Every structure is written in C-alpha cells, then in structure tokens.
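# Survey of secondary and tertiary structure
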Amino acid sequence: MDDSTRRLLQRLIRRIPAPMLKPTLEKWGRLTVAQRQSMDYTQRKWPLTEKLLSICEENEWTTKHITELEMICVIDNPNQGMWRAFQLMDPEDDAHSLELTQFKEQFKSHLSELVRHVSVKIKKHTDEAVWIRIAWGDGFSRPNHLKPTYVVHHLQTSFVFVTSLTSKQKPLLSQALVLSTRHHAIKDANLSGRNLTAIRDLLMRQYEQVFPTKYSSPLEEKNQTPSNPHIEREQAGPFANRLQMACEAFGGGTLPQLQSAVYKLETKFRDQTNRNMTEREEPFRCVVKFESTNLLESLRHSASSGIASTPVTPLLSSIPLKGRNYFVITDNGPGPASQMHPSQK
Amino acid sequence: MGKRDVQICFRFPSGTLEMEPPPNGVVRTPLNSVVVQRRSKSKSYRLSYRSCLGAASRLGFTPALTARRLNTSRRAPRSRNISEKVNSEQLALLLKTEWRLSYVTPLFKFRHTQLKSYSRQLSAFIAAEKQQGLAVDVEGSQSGFRVSFSVVQGMTETDDDAETVLIQIHTNPLFARQDEPQRSVWSGLLTCINGNTDYLHSLPKDFICLPLFGCSGSEVLTTLVKSWFQQAFDCSFGPLEISHTSLQWLVALWTNCHSESGIQQLKMIWTLPVVPPLQITYTVNPQDAWELWSSVRRDPQEENEGGEAGTSIDIKEVMRFVQGLKGHFYRHFRLDLSSGSLKQVSTALGSAKYNGRIKISNSRYMITTLTLLTECALLKMPI
C-alpha cells in the first residue's frame, strides 16, 4: 500500500472524534463483517489506527477509498475550517433545469481541462446539496490529497460554499463552476464563517423570520429576570416594541451562528460640535469588527435590551437581510463592493 | 517580622485651599470633602479605597493625601531618546516583553547596593521551596535557577524616584557546557517613574517606594518571587488593573505621538454586556485619528494664552477625543460604546489591556507610559 495512502488514513482517523469512529466506518461499509467484529472501539485511537492500517493492507484499499471515507466524515461534521460563500450570476436559460448527472460530467471535464492532474469526487447528499471534493495537482505532480478543497452547491440555487481554497486555485474553480452550472459569472458573496449550516441558513433564509405586525403581539422572552413590578409595568410597552423590532431585524428563535462581521468605513466625520473635522474633505477611515460566538444573537440582544437604538440601523440589519458579513461603506451611492448608505444622523 | 515602630506622617499643607490648579496638575481635594467618585467597579479598587478611608478616619486625620485621584492633566509626551541613557540589553528586554502588572507597597530596607546578596538569597529560597515539594514542575530543570538582580540606570525622572530594578531568572543546568546559553525563564521589573513627590516624602526613612511591579514567565516562579519579597521586605502585592480612564489616557497620549513617530493604527477593543458577549474592534487610520485629536485640542481659549497649549494635555481633551470616536461609531451603528467597556488599546507604540497587561514597543515614549502606570499603582496603595 502506498505510503501517502497510509499517511492519509492516519490523519483522517486522527481527525474523526472518537465516539464518531464506529458510526462513520459503518456508514462507509467497506469493512467485511469479520473485520467489523474484530475492531475493538474501546481501545485508544493509536491501536485502532494500526488495526485499520492492517485491514487496509488486507483489502488493498487505494487513495480513492480513503477519500470516500474522508468525504463522509466531512459531510457529517462540516463545521470546521473557514467557509466562504459565492454567488453565481447571470444564468442562462437552461440553468434552472440542470440535472445532476449533467452537472457532474460537465464539472469534471471542465476542471480536468483546466488543471492537468486533478482528482474530483462528487456526491449528492440527501438534502439536495452536491458535495465536491477536489485534490489539486499541477503539470508536474500528482494531486495533493492532504489539502483538498470542498465545495457545496445546491443545484438550482445560485449559491456555492467553498473551504480551503488558495488564491491560485480560485480562478480555476470559478471557471469550472460557471461553465458547468450554465451561468456567466461568479462573485464573492462577502459572507464567511466557520459554521456551514449557519451561513447556508442565513443565505437561504432558513431560520425563523419575524414579520412586522399591525397589532403588537406579546413576544415572550425566554428567560424572565425577576425585577421590581413597578419598573416592569412601566417598561413593558417599550420593551415589547424593542423586542419586536429586534426580532424583525434579525429573526426569532434560534439564529444561525455567525462569528464575525467586518465593516470598512470610509465616510466623512460629521459632528456639529467639531467644526474642523466636519469641514474636512477626506473621509474618516476606520475598520470595525464585531465578534462573538453567535453574532446575530448578540446583536438581537443588544437591540432588545436597548444598547443598540431601535429601529435597528440598516448597517446591522443587512447582515441577515443580504446575507453578508463584509461591508465597505462610503458616502456616495452604492459603490462596487458596497450596497449601503450610512445612516445620516 | 519582629518589632518595629512604624510612623506614618501626613503632611498638611498650611494655609487655605488653592483654587487655581498647581503647575504639575495634581488637584488637591479640599480638606473637608471625603468621597471621590471612582467609576471603576472592580472589587480590588473598592477594597483599597475603603481601607484607606477607614484607617484614616480611625486615626482621626482627614485624608488629605490618601484621597488621591488620577492626574487631570499631564505633560504631552515628548520623544525621548532613552536608548542613549539605558543599557541596550536591558532596554531590549523591557521592550519585547508583555508585562503582567501588580502594585507593591513600599519596601522596608531595600538597598540598591545589596543586589548581589538578594540574588543569592532568592536563588536559595527557590531551591529550598522546590525541595519542600511546594513548587511543582518548575520548567523541568533539575538543578535550580540562577537569579540576577540588576539596576536599570537612566530611567528615573525626578530625584525622588528610586532606580528601576530588573530581576531575571535563568535556568542553571548542572552539566552546562561552556558556551551553552542560559535560558531566561522569568523576568521581573520594579519601577517608579515620576512618582507623586508628596507621597514619596511622606514615607518614613527606611522605606523605598517602587510601586509598579511587572512580571513575565511562569506563575509558579511569580508566586515564589512575591513570597520572598513579602518575607524579606515586609511588603504586599496586589493586582493592578488598567482602569478605563487610564486606557483612554493612553488612547490620547499615543495618538498625540503620531506626528513624531507613526503609530500605524489606533486599535481599541470594547466588549458589550450582551448574551453572548460581543467584542468590537475599532481600528482607526492613524492620520485621521491624529487630525481628530488635534481638532479637539484646538481650543480658542487656550490659544489666547499662547505657548502652553502644546505642552500639557487635559483630561477634558481626552474625553472629547474619545467622545468623538464614539460619536462617529454611533452615527453608523446606533450603538453607544459607553454601554460597554474598553478592554484594550494598541498602537505601534505598545498595547495595554484592562486586566493589567502592558507591552511597550517603542522606547521613545516608554517614560510617559510608565509614568501613567506608576500613578495607577500609587493610587492603589492601601495607606
């Protein structure tokens, strides 16, 4: 068995969390019944790895088989690494009726034309997502399986999610995707995060939406903190308003887990009390980065608790609205990368 | 520690209250006012302040000296070519380390001439503690440490400042070859820069005041060094946080230096008390920050006085500057940063964190930063 195949298997077993090892191997289904019974999952990982390596020799598995296992493991546990979202633009007429087999053939052939040695594996998941694993090589070397790129695409939507892509590989992948999905261009959706399910839910609006109502309905907050009944009575109305506006802006219930949002501000400094700065022609350049374990939760809580004034400013509410977390804000109308006007106050 | 008479004298300024601010900017609280509102809510600040009020009222003296507050104005930092005066090796150590800060009460009978003896005593102490089994896993070296105390000359500003002391602990392997470099595993710093002269004069004869203590290295060694100091010089240590007022001072002081040596960026980190906690990193272009700062300083009243405006910075200017930055943020995000707390300030000149960590990256403005930190440490003195 190849040395690189051994290394790949060793790394893979190391990455899989111990409790997930048994179900993943069973899902893979390449072990014979006898081999499956001989695996003792109560041992530590190192002897298990050795056992698997010997089974690998027995069954004569190649890199192809190991990459199958890797794909299963990544599909089950996609929230590692940094995912970036892209959007396909300008579909042709037949883009919406694209079929899976057609897409698979086209993608593989286009990519192989662009890159000499490349190994592509495509798999359709149960929830309509197409997972693509790409191991890149070049004219002189074989595909490097230790640093694969993963691509997730939902057919008939225009969104593509990519992880582990270098800047050299980006134009090649973009070209192959655009041609095989029958669109004309692909652009950066300015959304990135660790949690694939979160950014997918955000872009496809698959979380609880709250719509403005004419009759203010009492939205219950989950954890009621005990406090003075007089204060509660007085604050009940404003609090309900704030909560409603916060949920309209960001959503209700559980929100997708985004980790950060970056705003590059290039607007002028406007302050009535400071004439010198207001008369200045150049913009006041700064970069603001919001970070949290669950950014949308934090922002919603800051709006409902009054730390952020309601109605929520369009800069913050456009994170879920437009599904982006990187913005460039300038004073003029929509620039090439920005689609926002700063709130003038 | 044996019997010893301690006499603490308070100096009372004779005469009436002065209404115009004295030249060095320290505002004396009137004799019959008691409470200075502190905005920082951390427990250690409250404890030390309460204990100082309690002690003073028990003694029956009005706390003229102990009711101190942070200076409301200070000299604008000038670029100081300190590398001419200070040994370059020591300076390199000072600049590359991120120091964890504590305050120290005045040291009894600490002599700068006895440093060699202190080095030996501290090595012996560490070795003895290891044998007792109290010190667990000190860097794995079997054979002890070599401690060196050294004086950093050239850093004092006034005649009352004691000379800065640098402490280093190196590993001392038993079978070291001649050319094997000794690894430094722990460094410590004791310093007092521009200390409050009234306070320093009020100390009894045998006490040396080096209120600012910085350390970098393993916690085990830090605890050992602190306990040795406590035994040898009857002092006590306590954690030193850099309050948000001091952090705002650093925002202004460091931005002020941009015209002489570029700060590359002004980065502030705020945290908001929401669930889950939100961290906001606000990075401003240095040139724009500097222009905002100078627009805030250009007060027509000061310009009429002439000359003085450039050399001293008042707390009001600092507040206006930070308010300007917060206002710009509010106009975009409708989020008031005052509801959160400022946790970290970084520029090319250094970085300061709320939990008492400081890193000074540029020697030219080191004295200004250390002056501010010495003041913070002196404010935490329990008596």
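In this numbering scheme, every chain counts its residues from 1 along its sequence in written order. Whichever chain is written first is A, and whichever ligand is written first is 1; the rest continue in order. It should be noted that, the model being predicted, local features are given only for residues of pLDDT at least 70 and side-chain atom pairs only at 80 or more, the latter also being counted only at that level, while totals for whole chains, interfaces and linings use all residues. Calculated side-chain values reflect all of the structure's heavy atoms, with hydrogen atoms and water omitted.

Heads up, the condition is: UniProt positions are given in the numbering used here, feature names are shortened, and annotations may be inferred rather than shown by experiment.
Looking at an unreviewed UniProt entry, chain B carries the name Centromere protein L, with the source organism given as Scophthalmus maximus. Regarding chain B, the relevant UniProt record gives this comment under Sequence similarities (unreviewed entry): "Belongs to the CENP-L/IML3 family."

### Brief notes about the overall build of chain B
This is how it is decided: Secondary structure elements are defined from DSSP: runs of H or I of at least 4 residues count as helices, runs of E of at least 2 residues count as strands, and each element is numbered from the N terminus. Using a 1.4 Å probe on the protein chains alone, a residue whose accessible area is under 20% of its type maximum counts as buried, one over 50% counts as exposed, and one in between counts as partly exposed. Residue contacts are defined here by distance: any two heavy atoms, one from each residue, within 4.5 Å place the two residues in contact.
In terms of regular secondary structure, chain B is built from 10 helices and 15 strands. Considering chain B as a whole, with its 383 residues, one finds that 52% of them fall into the buried category. Looking at chain B alone, contacts between residues at least 24 apart form 74% of all its contacts between residues at least 6 apart.

### Notes on the packing of helix α1 (residues 3-15) of chain A against helix α4 (residues 45-59) of chain A
Residues and elements named next belong to chain A. Applied cut-off: Angles shown run from 0 to 180 degrees and are taken between the N-to-C directions of axes, each axis being a line fitted to C-alpha atoms and, for helices, limited to the stretch in contact. In this scheme the handedness of a crossing depends on how the near helix is turned from the far one: anticlockwise by less than a right angle means left-handed, clockwise means right-handed. Charged means Asp, Glu, Lys or Arg here, nonpolar means Ala, Val, Leu, Ile, Met, Phe, Trp, Tyr, Cys or Pro, and polar covers whatever is left, Gly included.
Their axes nearest at 10 Å, the elements α1 and α4 cross at an angle of 145°. Considering how the two elements wind past one another, α1 and α4 form a crossing that is right-handed. Contacts between α1 and α4 involve Arg-6, Leu-9, Gln-10, Ile-13 and Arg-14 on the former and, on the latter, Lys-45, Thr-49, Leu-52, Leu-53, Cys-56 and Glu-57. Looking at the contact of α1 with α4, its residues break down into 5 nonpolar, 2 polar and 4 charged.

### Digging into the interface of chain B and chain A
Frequently, the measure chosen for interface size is the accessible area removed from exposure when the parts meet. Convention followed: Computed with a 1.4 Å rolling probe, the buried area is the accessible surface lost when two parts are put together, summed over both parts. The salt bridge criterion pairs a side-chain nitrogen of Lys or Arg with a carboxyl oxygen of Asp or Glu, the two atoms within 4 Å. Nitrogen and oxygen atoms within 3.5 Å of one another constitute a polar contact, given that in protein one can donate a hydrogen and the other can accept it, and given that sequence-neighbouring residues count only through two side-chain atoms. For two strands to be treated as a pair, DSSP must find at least two bridges joining them.
Across the boundary between the two partners, chain B contributes 34 residues, which contact 40 residues of chain A. Taking both sides of the interface into account, the surface hidden between chain B and chain A amounts to around 3100 Å²; carbon and sulfur atoms contribute 57%. With its nearest N and O atoms 2.4 Å apart, the salt bridge here joins A:Arg280 to B:Glu291. Scanning the region where chain B abuts chain A turns up 16 residue pairs in polar contact (both at pLDDT 80 or more). Secondary structure elements with two or more residues in the side of chain B that touches chain A: β11 (278-284), α7 (286-297) and α9 (315-333) of chain B. Broken down by element, the residue count for the side of chain B that touches chain A peaks at 8 residues, all from α9(B). Where strand β8 (residues 284-291) of chain A meets β11(B), 6 bridges bridge the pair, whose relative direction is antiparallel. Bridged to A:Glu291 within β11(B) is B:Gln279.

### Notes on the nonpolar core
Formally: The nonpolar core is taken to be a set of buried Ala, Val, Leu, Ile, Met, Phe, Trp, Tyr and Cys residues, with the residues joined through side-chain atoms within 4.5 Å.
One finds A:Trp131, A:Tyr263, A:Phe290, B:Tyr282 and B:Phe333 to be the most contacted residues of the largest nonpolar core, which totals 117 residues. The greatest single-element share of this core, amounting to 9 residues, is contributed by helix α10 (residues 366-379) of chain B. For A:Tyr263, the contacting residues outside a window of four places in its chain are A:Cys286, A:Val287, A:Val288, A:Phe290, A:Leu315, A:Leu316, A:Ile319, A:Phe327, A:Ile329 and B:Phe333. Within the second largest apolar cluster, 30 residues are counted, among which are B:Leu107, B:Cys192, B:Val225 and B:Phe229.

### Thoughts on helix α11 (residues 295-304) of chain A
Burial runs high along α11(A): 8 of the 10 residues are buried. For α11(A), the secondary structure elements touched by its buried residues are α8 (196-203), α9 (229-250), β7 (260-267), β8 and α12 (314-322) of chain A together with β11 of chain B. Following α11(A) by one or two positions, A:Gly306 has its phi on the positive side, about 95°.

### Focus on the pattern of salt bridges
All names here are of chain A. In this structure the tally under the stated criterion is 17 salt bridges over all chains. For Arg-30, the salt bridge identified is with Glu-68, shortest N-O distance 3.0 Å. On the criterion of sequence distance, the pair formed by Arg-30 in the loop between α2 (21-28) and α3 (33-38) and Glu-68 in helix α5 (residues 63-76) is long-range, its members being 38 residues apart. The exposure class assigned to Glu-68 is partly exposed, which follows from its relative accessible area of 22%.

### A closer look at a positive patch on the surface
Residue and element names in this part refer to chain A. What counts is decided by this rule: By definition, no residue in a patch forms a salt bridge, and every one has over 30% relative accessible area; like charges are joined within 9 Å, nonpolar side chains (Val, Leu, Ile, Met, Phe, Trp, Tyr) within 5 Å. Areas reported here follow the Shrake-Rupley algorithm with a probe of radius 1.4 Å; residue values treat only the protein chains shown as occluding. Under this rule, positive means Lys or Arg and negative means Asp or Glu; His and the chain ends count for nothing. Note on charges: their place is set at NZ of Lys, CZ of Arg, CG of Asp or CD of Glu.
A grouping of Arg-7, Arg-11, Arg-14, Arg-15 and Lys-147 is seen on the molecular surface, where their side chains present a positively charged patch. For Arg-7, the location among the structural elements is in helix α1. On the accessibility criterion, Arg-7 (43% relative accessible area) is partly exposed.

### Brief notes about the state of the cysteines
Operational definition: Cysteine sulfurs are considered disulfide-paired once they come within 2.5 Å of each other.
Taken as a whole, this structure holds 0 disulfides over all chains when the rule is applied. Summary of cysteine pairing: B:Cys209 is not part of a disulfide, and the nearest cysteine sulfur, belonging to B:Cys192, is at 5.0 Å.

### Description of helix α6 (residues 100-114) of chain A
Residues and elements named next belong to chain A. The cut-off we apply is this: Given the number of residues in a helix, its expected span is that number minus one, multiplied by 1.5 Å. The directions considered for the arc run from the helix axis to the C-beta atoms.
Its 15 residues give α6 an end-to-end C-alpha distance of 21 Å, which sits within 8% of 21 Å, the value for a rise of 1.5 Å per residue. For α6, the complete set of buried residues consists of Phe-103, Phe-107, His-110 and Leu-111. Axial view of α6: buried residues confined to an arc of 95°, hence all on one face. Seen from the open side of α6, the exposed residues pointing more than 90 degrees away from its buried face are Thr-101, Glu-105 and Glu-113.

### Thoughts on the sheet that holds strand β1 (residues 83-91) of chain A
Residues and elements named next belong to chain A. Strands sit in the order β2-β3-β4-β5-β1-β6 across an open sheet of 6 strands; the sheet is antiparallel. The strands lining the two open edges of the sheet, one partner per strand, are β2 (118-124) and β6 (183-193). Along the sheet, successive strands turn relative to each other by an average axial angle of 20°, direction set aside. Taken together, the 7 bridges between β2 and strand β3 (residues 129-136) define a ladder with antiparallel strand orientation. The residue bridging Val-120 from the neighbouring strand is Ile-134, located in β3.

### Details of unusual backbone geometry
Of note, the amide linkage connecting A:Thr310 to A:Pro311 takes the cis form, showing an omega dihedral of 0°. Summarising the element assignment, A:Pro311 is placed in the loop between α11 and α12. In this model, B:Arg334 sits at a positive phi of 50°, which is unusual for a non-glycine residue. You can see B:Arg334 is positioned in the loop between α9 and β13 (341-347).

### Some remarks on the packing of aromatic side chains
The following threshold applies: The criterion for an aromatic pair is that two Phe, Tyr or Trp rings (for Trp, the six-membered ring) have centres within 6.5 Å, with stacked assigned to planes under 30 degrees apart, edge-to-face to planes over 60 apart and tilted to the rest. Distance and angle both matter: a charge sits over a ring if NZ of Lys or CZ of Arg is within 6 Å of the ring centre and within 35 degrees of the ring normal.
Going through the model one piece at a time under the given rule, you end up with 27 aromatic pairs over all chains. Seen in terms of ring centroids, B:Phe108 and B:Phe207 are 5.3 Å apart; in terms of plane orientation they differ by 55°. Their pairing is tilted. Of this pair, B:Phe108 sits in strand β3 (residues 107-108) while B:Phe207 sits in strand β7 (residues 207-208), and the two are 99 residues apart along the sequence. Residue classification places B:Phe108 among the buried residues on the basis of a relative accessible area of 14%. Through a chain of ring-to-ring contacts, three or more aromatic side chains come together here, namely B:Phe110, B:Tyr118, B:Phe149, B:Trp186, B:Phe213, B:Trp228, B:Phe229, B:Phe233 and B:Phe237. Lying across the ring of A:Phe269, B:Arg331 places its NZ or CZ 5.2 Å from the centre. A cation sits over an aromatic face here: B:Lys343 above B:Tyr354, 5.0 Å from the ring centre.

### Regarding the environment of A:Leu69
Residues and elements named next belong to chain A. In this structure, Leu-69 sits in helix α5. When the C-alpha atoms of Leu-69 and Trp-28 are compared, they prove to be 6.3 Å apart, with 41 residues separating the residues in sequence. In this structure Leu-69 touches Leu-9, Leu-12, Thr-24, Leu-25 and Trp-28, once residues within four positions along its chain are discounted.

### Looking at the environment of B:Leu370
Residue and element names in this part refer to chain B. Considering the arrangement of structural elements, one finds Leu-370 in helix α10. With 88 residues separating them along the chain, Leu-370 and Tyr-282 place their C-alpha atoms 25 Å apart. Sequence-distant contacts of Leu-370, that is, excluding residues within four places in its chain, are made with Met-155, Ile-193, Leu-212 and Ile-360.

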